[in-house]
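Residue-level structural notes
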Amino acid sequence: MAPIKIGEDRFVVMLPENRIQERIKELGEQLTRDYAGRTPVFIGILNGSFLFMSDLVKNYQGDCEIDFLKLSSYGDEKISSGKVRMLKELNCEVNHRDLIIVEDIVDSGLSIKFMEELIAQHTPASMKVVSLLMKPNSLKYDVKIDYIGFNIPDKFVIGYGLDYQQKFRNLRDIYALEQDIAVDSVTLD
Ligand code: PRP
């Protein structure tokens, strides 16, 4: 997989496609066991979660429903604005349902905090959060992530849904800046 050059920056693969897909298969199997006999609603937070959502539900063996909402706190910046904007609302019925919030990455935790407050205005049967990536050292809000694909260092990453100025979401692998990569620091949760 060739490095990606953005200006003077070189991005190299941090998590290859096969490792991502293996982990998603495990998460799908775990969710299948945990939600046996129920019909959860997977709620993807756009835009970043679109690929993960697709692969996760393909690995979920059972009845489920899906919906999306669109939040944005980063815009085109690398640093969060600290404010979450809801650009598309939920359309599903959340009362008395088992909700599974699907994120590509939890960074400060602001988006998940926003989701928790939004859902708290309703009466779901349950709400859990699954995130492909988590930056434990970046967390600023007290949020619980129930299912984590990979804990990663506090570095800027792109690919597999994650963007740089809206581009590179379509990459199958996840990339980080070459000078930031220490493969051993990517740990499976
Ligand atoms: C990114 C990402 C998460 C959120 C995580 O979304 O997809 O939703 O930031 O960061 P946080 O834990 O600090 O809230 P972004 O606002 O960049 O929008 P996008 O998904 O459209 O890229």
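In what follows, the structure referred to is the one given above.
First, a word on what this report is: a plain description of the structure on this page. None of the values given here were measured: they were computed from a predicted structure. (Residues numbered from 1 in each chain as written. Predicted model: local features only at pLDDT ≥ 70, side-chain atom pairs only at ≥ 80, totals over all residues. Heavy atoms only, no water.)

Some details on the side chain of Arg 23
Defined as follows: A run of H or I in DSSP counts as a helix once it spans at least four residues, and a run of E counts as a strand once it spans at least two, with each numbered from the N terminus. Relative accessibility under 20% of the residue-type maximum defines a buried residue, over 50% an exposed one, and the middle range a partly exposed one, all with a 1.4 Å probe and only protein chains included. Two N or O atoms form a polar contact when they lie within 3.5 Å of each other; inside protein one atom must be a possible hydrogen donor and the other a possible acceptor, and for residues adjacent in sequence the pair counts only when both atoms belong to side chains.
Of note, Arg 23 is situated in helix 1 (residues 17-34). Taking the relative accessible area as the measure of exposure, Arg 23 reaches 9% and is therefore buried. Within the structure, the side chain of Arg 23 is placed 2.9 Å from the backbone oxygen of Gly 149, a separation counted as a polar contact.

As for the sheet that holds strand 10 (residues 174-177)
Short version of the rule: What makes two strands pair is DSSP finding at least two bridges between them.
Across the sheet, four strands lie side by side as 1-2-10-9; this open sheet has antiparallel pairing. Every interior strand has two partners, whereas the edge strands, strand 1 (4-6) and strand 9 (157-158), have only one. Alignment of strand 9 against strand 10, held across two bridges, turns out to be antiparallel. Across the sheet, residue Ile 158 finds its bridge partner in strand 10, namely Tyr 175.

What about the packing of aromatic side chains?
Each aromatic ring pair is described using two quantities: the centre-to-centre distance and the angle formed by the ring planes. The condition is simple: Pairing of aromatic rings covers Phe, Tyr and the six-membered ring of Trp, with a centre-to-centre limit of 6.5 Å; geometry is then stacked below 30 degrees between planes, edge-to-face above 60, and tilted otherwise.
Within the structure shown, the criterion is met by three aromatic pairs. Ring geometry for Phe 11 and Phe 156: centres 6.3 Å apart, planes at 70°, overall edge-to-face. Here Phe 11 is found in strand 2 (residues 9-15), whereas its partner Phe 156 is found in the loop between strand 8 (147-151) and strand 9, with 145 residues between them in sequence. The residues Phe 11 and Phe 156 share a single accessibility class, namely buried. Ring plane angle 70° and centroid distance 5.2 Å describe the contact between Phe 42 and Tyr 60, whose orientation is recorded as edge-to-face. Note that Phe 42 is positioned in strand 3 (residues 41-46) and Tyr 60 in the loop between helix 2 (50-58) and strand 4 (65-72), a separation of 18 residues in sequence. For the residue pair Phe 42 and Tyr 60, the accessibility class agrees, reading buried in each case. Through a chain of ring-to-ring contacts, three or more aromatic side chains come together here, namely Phe 11, Phe 156 and Tyr 164.

Some points on the pairing of strand 10
Alignment of strand 2 against strand 10, held across four bridges, turns out to be antiparallel. If you follow Phe 11 over to strand 10, its bridge partner there is Leu 177.

Some details on the nonpolar core
Rules: Side-chain atoms within 4.5 Å link the members of a nonpolar core, which is a set of buried Ala, Val, Leu, Ile, Met, Phe, Trp, Tyr and Cys residues. We call two residues in contact when some of their heavy atoms are within 4.5 Å.
In terms of nonpolar packing, the biggest core is built from 26 residues, with Phe 52, Leu 56, Leu 132, Leu 133, Val 157 and Ile 174 touching the most fellow members. Counting residues per element, the ones that place at least two in this core are strand 2, helix 1, helix 2, strand 6 (98-106), strand 7 (126-134), strand 8 and strand 10. Of all the elements, helix 1 adds the most residues to this core, at four residues. Dropping the residues within four chain positions of it, Leu 133 is found in contact with Leu 15, Asp 104, Ile 105, Val 106, Phe 150, Ile 152, Val 157, Leu 162 and Ile 174. Core analysis: the second largest hydrophobic core is formed by 21 residues, Val 84, Ile 101, Leu 118 and Ile 145 among them.

Some words on the environment of Cys 92
The topology assignment puts Cys 92 in the loop between strand 5 (85-88) and strand 6. For Cys 92, a relative accessible area of 22% puts it in the partly exposed group. Remark: the alpha-carbon pair of Cys 92 and Leu 69, spanning 23 residues in sequence, is separated by 10.0 Å. Ignoring any residue separated from it by four or fewer positions in sequence, one finds Cys 92 in contact with Val 41, Ile 43 and Asp 67.

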